[in-house]
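Topology and contacts: notes
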Amino acid sequence: MTFTRGLQSIMFAAASAANPEEACGLLLGLGTDVLFIAAVVNSHRQPERHFRIAPDAAAPVVREAMRLGVDVIGGWHSHPHGPPTLSRDDIAGTPGAGFVQCVVTAESVRAWTVTPPTAVEIAVAFRR
Ligand SMILES: [Zn+2]
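Figured I'd write up the structure that's included with this text. Keep in mind that what you see is a predicted model, and the values were worked out from it rather than measured. (Residues numbered from 1 in each chain as written. Predicted model: local features only at pLDDT ≥ 70, side-chain atom pairs only at ≥ 80, totals over all residues. Heavy atoms only, no water.)

A short note on the coordination of the zinc ion
Within the protein, the atoms that donate to the zinc ion are His77 (NE2), His79 (NE2), Asp90 (OD) and Asp90 (OD), at distances of 2.0 to 2.5 Å. Metal-centred angles of 56 to 164 degrees between the four donor atoms at the zinc ion mark the site as irregular. Each donor residue of the zinc ion lies on one chain, and together they are spaced H-x1-H-x10-D. With His79 in the loop between strand E4 (71-78) and helix H3 (88-92) and Asp90 in helix H3, this pair connects stretches of sequence that are eleven residues apart. For His79, a relative accessible area of 7% corresponds to the buried category. The exposure class of Asp90 is buried, given its relative accessible area of 7%. (Donors = N, O, S within 2.8 Å, 3.2 Å for Na, K, Ca; no water. Tetrahedral: all angles 85-135°; square planar, octahedral: opposite > 155°, others 65-115°. Helix = DSSP H or I, 4+ residues; strand = E, 2+ residues; numbered from the N terminus. Buried < 20%, exposed > 50% of the residue type's maximum accessible area, 1.4 Å probe, protein only.)

Here we look at the nonpolar core
Here is a general trend for soluble globular proteins: nonpolar side chains tend to be buried in one another's company. Judged by nonpolar contacts, the single largest core of 16 residues is most densely connected at Phe3, Leu27 and Cys102. Secondary-structure elements contributing two or more residues to this core are helix H1 (5-18), strand E3 (33-40), E4, strand E5 (99-104) and strand E6 (109-115). Here Cys102 is in contact with Met1, Phe3, Leu27, Gly75, Trp76, His77, Val109, Arg110 and Ala111, once residues within four sequence places are set aside. Listed in part, the eleven residues of the second largest apolar core include Leu28, Ala38, Ala57 and Ala65. (Core = buried A, V, L, I, M, F, W, Y, C linked by side-chain atoms within 4.5 Å. Contact = heavy atoms within 4.5 Å.)

Written as structure tokens, this is what we have:
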């Protein structure tokens, strides 16, 4: 999964703005290259510990991806209280097999390919 430093900074800024709640959104791109970051409202009842992207919040992002000619290639959310890894609930709540989930903390962005109940960490690299 590749990002630019600018895309990473958008996730860090959204995570900081949402703190102490978790920020969340979708990753738009092609293949393993993230080209756009979408931030979506966290509609979970306990947003300090969990996140939920409601279908009606995701729908306009999916439409925008289609308009831009890119795919929804994964999701991201922040862990303001750590740890920088997926929780069991994150894995269980993944929408489909092979979906990429990124976890953002103040210091890092890490990614996993998730096929519930398993998650395999994948490399995050930065391109120009
Ligand atoms: Zn999480």
